[in-house]
Amino acid sequence: MKKLLIPAFVTLLAVVLFTSQFTILAQSGQQGSASQSTANGLNTVTFDLAAGKIKVYLPDDMRAGDTISGTVSAEPRGSTDAERTANQGVLNGMVIDLDSDKRISANQHTFRWKIPPSRAKSALKGQLKIFSGPGSQKPLAAASLSFSTMSQAVPADFVLPQLGQTGRPLEILGPFDGNAANTSCSIGGQSAPVIAESPRQAIITSPTDVNGPTQMSVAENGQNRTGPFRNIGVNLTSPKTNLLRGEKTTLSVQVSGLEGIQSNVPLQLITTGSANMNGGNTQTIEIRPIDLTAAGNFIRTFELTGVQTGGFTVTGTILVGNTVAGGSCECVCELAKTPIVTAGTSNIDGGGMQHAFKANVAKAACNGNKCSIEKTEYSWSIAATSTATYTVAGAKKDGETLKLDVTGAGTVVLTVTVTITCSDGTKCSASGSKTFTVEAK
């Protein structure tokens, strides 16, 4: 059985995966392109060059004035060891420019960077460039960088995740200092290397040789935290990874480390290339406790059919939300900058006008494994300082829209409170007020 190619860095926190392509500077002599993706707290810039690929890993939360740590990896091209060795030498000689502020060797592997302060009021844009060597003046490729200039407090304590996937990046929030050299993390007693770090987050790689329920420990500048953790392995195998048109093969999926789970764990399978998978090329399987073998494994086989001659890739990702799988939901409720908006007017019998007002919700979500919004509640109040003469239509103050029957013109000061209840009972709320001038024609 031949193991399928699974990228080393594919999103673990895969509810949303953002990928952006950046326009490359159109100058003569350039021989590369750049792409950028953000997932799990990690910002990955990939330079695709003639000799291979160079990837730069940065934290996705970079702010003006921060000290941050990152890493660099090289993937040489070549069909023989000699070709790959020669291309590795070419890649090692390249230089990466950090927004014209600092240059590092592509062979440096790890680096630390003090981002210059900015006088801008909102956001600062920069560029990450790659050059063929120290003396080169023309970049081979460039990608955009964004830095926030808004200050943000460093978390007071570490927030340790409780679920990860072997070999994949994993974000830890906490009081870091951006210097990965004084940060250490272990999972099941095995080192979990720091890929990138900012003063508010560290991104590690979950070890490949630890499986199932265990412990995670993190240490930073004398602060230590330990908590429960489960490392899940996903193994995909197939006897063939190249197919003729109409040719069939099988894909075997084995997910390990699930012993003792109390709730479903979602697995996403994505097939790309020259094959179709039965059930769809993108599908999510809910792994239930009753689906496991006695050893705590989930095993399933799929059929693949070639749509044209060529190779294919299947990626398996454990999906978790913004909180730990099986844990409490993360409730989000935010009103817009204008928290209440007008929703129309109409005449009322006997004279006067009915004015309608609507709560303007910007964000409402329940993030996490198997989390959803159970209930959305509204509560309205009208301040005593209002000068208009009115009654509340139907005496209803608990809907998304409030309607007032106005018989005397003036002002009304409205306040709305929106409360979100998640499927696990978690609640959050937001309140906002606005003054309106109403008429009574």
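Residues numbered from 1 in each chain as written. Predicted model: local features only at pLDDT ≥ 70, side-chain atom pairs only at ≥ 80, totals over all residues. Heavy atoms only, no water.

Caption draft 1: Structural context of the overall build of the chain. When helices and strands are tallied, the chain shows 1 helix and 33 strands. A total of 441 residues make up the chain; the buried ones form 45% of that total. (Helix = DSSP H or I, 4+ residues; strand = E, 2+ residues; numbered from the N terminus. Buried < 20%, exposed > 50% of the residue type's maximum accessible area, 1.4 Å probe, protein only.)

Caption draft 2: The packing of aromatic side chains, seen in detail. On inspection of all chains with the given rule, the structure shows 2 aromatic pairs. When the centroid spacing of 5.1 Å and the interplanar angle of 65° are considered together, the rings of Phe158 and Phe176 count as edge-to-face. One end of the pair, Phe158, is in the loop between β11 (141-148) and β12 (163-165); the other, Phe176, is in the loop between β13 (169-173) and β14 (183-187), and 18 residues separate them in sequence. Summarising the burial analysis for this pair, Phe158 and Phe176 share the class buried. Their ring planes at 50° and their centres at 4.6 Å tell us that Phe357 and Phe436 sit as a pair that is tilted. On the criterion of sequence distance, the pair formed by Phe357 in strand β28 (residues 353-367) and Phe436 in strand β33 (residues 427-438) is long-range, its members being 79 residues apart. Across the pair, exposure class does not vary: Phe357 and Phe436 are buried alike. Taking NZ or CZ as reference, Lys434 lies 5.7 Å from the ring centre of Phe436, over its face. (Phe/Tyr/Trp six-rings, centres within 6.5 Å; stacked < 30°, edge-to-face > 60°. Lys NZ or Arg CZ within 6 Å of the ring centre and 35° of its normal.)

Caption draft 3: Layout of the state of the cysteines. For the coordinates displayed, the defined rule picks out 1 disulfide. Across the disulfide from Cys366 sits Cys422; the S-S distance is 2.1 Å. Between Cys366 and Cys422 the sulfur-sulfur dihedral comes to about -90°; the bridge is accordingly left-handed. Note that Cys366 is positioned in strand β28 and Cys422 in strand β32 (residues 410-422), a separation of 56 residues in sequence. Cys422 matches Cys366 in its accessibility class, with the two residues each being buried. (Disulfide = S-S within 2.5 Å.)

Caption draft 4: Examining unusual backbone geometry more closely. Positive phi outside glycine occurs at Asn221, with the angle close to 50°. For Ala395, which is not glycine, the phi dihedral falls at a positive 55°. Along the chain, the position of Ala395 falls in the loop between β30 (389-392) and β31 (401-408).

Caption draft 5: Representation of the sheet that holds β31 in the model. Reading across from one edge, β27-β28-β31-β30 is the order of the 4 strands in this open sheet, with antiparallel pairing throughout. Looking at which strands have only one partner, the edges of the open sheet turn out to be β27 (330-347) and β30. On average, each strand axis in the sheet is tilted by 25° relative to the strand beside it, whichever way the strands run. Pairing geometry for β30 and β31, over 4 bridges, is antiparallel. Looking at β31, one finds that Tyr390 is bridged to Val406. (Pairing = 2+ DSSP bridges. Axes fitted to C-alpha atoms, helices over the stretch in contact; angles between N-to-C directions.)

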